[in-house]
Amino acid sequence: MLNKLIVLAVLLLPACFANAHEYKVGELEIAHPWSQELPPNAPTVAAYFVIHNKGKTADRLLSVGSPISGKAELHEHVMQNDLMKMQPVPSVEIPAGGEATFAPMAYHVMLLELKDRSLLSDGKRFPLTMHFEKSGDVTVEVSVQKKAPDSMQAHMHAQ
């Protein structure tokens, strides 16, 4: 019986990690880049992830780019005059030993002037290249999902 349970656990283990994906550049780790599936006529799409800085010095995300869009911008949501407003930011700092969370109603990447919508449906992935001040460049695969990952649901409701 124990052997059957062990075999079952080994067979199911890859399924647990099917949606989890992480990338590393320098002392930075980028956890689970994702985007929510949108209607086919949506003019823009947002990408989200968490950047963990395992190093002893801060780093900065300077810019991003993707072949699926003509333009990519770093954005944040801020409260102004009792209204939530989205605005571009020139860069995002990732503190030493800390993290920067890109999530709905927080920092996020806006992809504008969409060129290739074929990769924006549930289960697909698209490339996103991040340019860091100290760690250099890394290209990640953004997973398109019908809904936010469970780890982001708590963040979204806390806003």
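What counts, and where the lines are drawn
- Residues numbered from 1 in each chain as written.
- Predicted model: local features only at pLDDT ≥ 70, side-chain atom pairs only at ≥ 80, totals over all residues.
- Heavy atoms only, no water.
- Helix = DSSP H or I, 4+ residues; strand = E, 2+ residues; numbered from the N terminus.
- Buried < 20%, exposed > 50% of the residue type's maximum accessible area, 1.4 Å probe, protein only.
- Contact = heavy atoms within 4.5 Å.
- Areas by Shrake-Rupley, 256 points an atom, 1.4 Å probe, with all protein chains shown as cover.
- Pairing = 2+ DSSP bridges.
- Polar contact = N/O pair within 3.5 Å; in protein donor to acceptor, adjacent residues only side chain to side chain.
- Phe/Tyr/Trp six-rings, centres within 6.5 Å; stacked < 30°, edge-to-face > 60°.
- Core = buried A, V, L, I, M, F, W, Y, C linked by side-chain atoms within 4.5 Å.
- Salt bridge = Lys/Arg side-chain N within 4 Å of Asp/Glu carboxyl O.

Visitor: Can you help me understand the overall build of the protein in this one?
Guide: When its secondary structure is counted, the protein shows two helices and 11 strands. Across the 159 residues that make up the protein, the buried fraction comes to 38%. Put simply, 65% of the contacts in the protein that link residues at least 6 apart link residues at least 24 apart. Element-wise, carbon and sulfur atoms account for 58% of the exposed surface of the protein, whose accessible area totals about 9100 Å².

Visitor: I tried to follow the pairing of strand β5 (residues 69-80) on my own but got confused; where do I start?
Guide: Where β5 meets strand β9 (residues 108-114), six bridges bridge the pair, whose relative direction is antiparallel. The partner of K71 across the bridge, within β9, is L112. Inspection of the sheet shows β5 paired to strand β6 (residues 83-88) by six bridges, in the antiparallel sense. What sits directly across from H75, in β6, is P88.

Visitor: What exactly am I supposed to notice about the environment of H21 here?
Guide: Along the chain, H21 falls in the loop between α1 (2-16) and β1 (22-25). Note: C-alpha distance between H21 and V142 (121 residues apart in sequence) is 9.2 Å. Among the polar contacts listed, one links the side chain of H21 to the backbone oxygen of E141, at a separation of 3.0 Å.

Visitor: What exactly am I supposed to notice about the packing of aromatic side chains here?
Guide: We describe a pair of aromatic rings using the distance from one ring centre to the other and the angle between the two ring planes. Counted by the stated rule, this structure contains three aromatic pairs. Between the aromatic rings of W34 and Y48, the centroid separation amounts to 4.7 Å while the plane-to-plane angle is 40°, which identifies the pairing as tilted. Highlighted residues: W34 in strand β2 (residues 28-36) and Y48 in strand β3 (residues 45-53), separated in sequence by 14 residues. Each ring, one from F102 and one from Y107, has its centre 5.7 Å from the other, and the planes form 35°; the classification is tilted. Exposure remark for Y107: the relative accessible area of 29% places this residue in the partly exposed category. Members of the aromatic cluster, each reached through a chain of ring pairs, are F49, F102 and Y107.

Visitor: Please clarify how the pairing of β9 should be interpreted in this entry.
Guide: As a general feature of sheets, a regular strand has side chains that alternate between the two faces. Of all seven residues in β9, six are buried; the element is thus mostly enclosed. The sheet contact formed by β3 and β9 spans three bridges and is antiparallel. Paired with A46 across the bridge in β9 is M110.

Visitor: For this particular structure, what's the right way to read the nonpolar core?
Guide: In summary, soluble globular proteins display a tendency toward joint burial of nonpolar side chains. The biggest cluster of nonpolar side chains holds 29 residues, and the ones touching the most others in it are I30, L61, L128, M130 and F132. Not counting residues up to four positions away in its chain, the partners in contact with I30 are H21, E22, Y23, V25, F49, V50, I51, M130, F132, V138 and V140. Ranked by size, the runner-up nonpolar core spans six residues in total, among them W34, A46, Y48 and L112.

Visitor: Is there a simple way to explain the pattern of salt bridges in this structure?
Guide: Pairing of side chains with opposite charge becomes possible as their charged atoms draw close. Per the stated rule, a full pass over the model turns up three salt bridges. Between K71 and E73 there is a salt bridge, with its nearest N and O atoms 3.4 Å apart.

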